[in-house]
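Close look at the chain arrangement
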Amino acid sequence: MAYREIIKIGDDLLRKQSKTVTTFDRKLSDLLDDMAESMFKFKGMGLAAPQIGILKRVVVMDVNGMFLEFINPEIVSSSGEVEEEEACLSVPNVRGIVKRPFKITVNAQDRFGNNFSITGEAMLARCICHEFDHLNGVLFVDKMEREVKGDK
Ligand code: NI
């Protein structure tokens, strides 16, 4: 395992559509392991593959002490609406308020290609939406209602 550098806003790769994963092999497992290591090293709550320059529909997350991996994720339902603060490893020194659903249900595959479904609320739902946006070239600053200034 090795951590990878996180690419930052301004890099075109962050604006591209990521590709569906069709091969569930050792290379994918290595990518997931490297993404987890990078997320922990840089203290993110989540990381999407395009953030390390890999245009594949792969996301890792660490929310509420729960480590999650998503391959080819799709949001199948959502409800409610919450405004909360967000940040992103690819957008240094910016925090802002973004409107997201309160609750979402997602279908995805694990690293072996098995299908699974998960329902998340609050911070988990927010983090999922944020990371999945990366797979479509969308950054939270595109949706930000307003920036939050000052120290956290
Ligand atoms: Ni992000």
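Our structure's up above, just so we're on the same page.
No experiment lies behind these values; they were computed from the predicted model shown. (Residues numbered from 1 in each chain as written. Predicted model: local features only at pLDDT ≥ 70, side-chain atom pairs only at ≥ 80, totals over all residues. Heavy atoms only, no water.)

Turning to its location among the elements, Ser 90 is positioned in the loop between β4 (82-88) and β5 (91-100). Excluding anything up to four places from it in sequence, Ser 90 contacts Ile 6, Ile 7, Lys 8, Ile 9, Leu 14 and Gln 51. (Helix = DSSP H or I, 4+ residues; strand = E, 2+ residues; numbered from the N terminus. Contact = heavy atoms within 4.5 Å.)

This part is about the coordination of the nickel ion. Taken together, Cys 88 (SG), His 130 (NE2) and His 134 (NE2) make up the protein donors of the nickel ion, found 2.1 to 2.2 Å from the metal. Along the chain, the residues donating to the nickel ion are arranged with the sequence spacing C-x41-H-x3-H. Here Cys 88 is found in strand β4, whereas its partner His 134 is found in helix α2 (residues 122-134), with 46 residues between them in sequence. (Donors = N, O, S within 2.8 Å, 3.2 Å for Na, K, Ca; no water.)

Val 59, Met 61, Phe 70, Val 106, Ile 128 and Phe 132 are the most contacted members of the largest nonpolar core, which totals 17 residues. Elements supplying a minimum of two residues to this core: β2 (58-63), β3 (66-79), β6 (103-109) and α2. Examining the composition of this core, we find that six residues originate from one element, α2, more than from any other. Ignoring any residue separated from it by four or fewer positions in sequence, one finds Val 59 in contact with Met 35, Leu 47, Ala 48, Leu 68, Glu 69, Phe 70, Glu 131, Phe 132 and Leu 135. (Core = buried A, V, L, I, M, F, W, Y, C linked by side-chain atoms within 4.5 Å. Buried < 20%, exposed > 50% of the residue type's maximum accessible area, 1.4 Å probe, protein only.)

Here we take up the sheet that holds strand β7 (residues 115-121). Across the sheet, five strands lie side by side as β1-β2-β3-β6-β7; this open sheet has antiparallel pairing. Here the strands that pair on one side only, and so sit at the sheet edges, are β1 (46-48) and β7. Averaged over neighbouring strand pairs, the angle between their axes works out to 40° when direction is ignored. Bridge count between β3 and β6: six bridges; the pairing is antiparallel. (Pairing = 2+ DSSP bridges. Axes fitted to C-alpha atoms, helices over the stretch in contact; angles between N-to-C directions.)

Attention now goes to the pairing of β5. With seven of its ten residues buried, β5 lies for the most part within the structure. When β4 meets β5, the two strands line up antiparallel, connected through six bridges. Bridging across to β5, Cys 88 finds its partner in Val 91. Adjacent in sequence and paired antiparallel, β4 and β5 are bridged by two residues. As defined by bridge partners, β5 adjoins strand β8 (residues 146-147) across two bridges and the pair is classed as antiparallel.

In this section: helix α1 (residues 26-41). Taking 1.5 Å per residue as the helical rise, α1 with its 16 residues ought to reach 22 Å, and the 22 Å between its terminal C-alpha atoms agrees with that figure. For α1, the full list of buried residues reads Leu 28, Ser 29, Leu 31, Leu 32, Asp 34, Met 35, Ala 36, Ser 38 and Met 39. Phi turns positive one or two residues past the end of α1, at Lys 43, with a value near 60°. (Expected span 1.5 Å × (residues − 1).)

This part is about the sheet that holds β5. Read from one edge of the open sheet, three strands run β4-β5-β8, paired in antiparallel fashion. In the strand order of this sheet, the two ends are held by β4 and β8, each with one partner. Of the strands in this sheet, β4 and β5 touch α2, which is tilted by about 50° from β4.

Right, let's get into the pairing of β2. Taken across its six residues, β2 has five buried, putting it largely inside the fold. Pairing geometry for β1 and β2, over three bridges, is antiparallel. Across the sheet, Leu 47 pairs through a bridge with Val 60, a residue of β2. Both β2 and β3 contribute to a ladder of six bridges, which runs antiparallel. Its bridge partner lying in β3, Val 60 is registered against Glu 69. What sits between β2 and β3 in their antiparallel hairpin is a turn of two residues, with Asn 64 showing a positive phi close to 55°.

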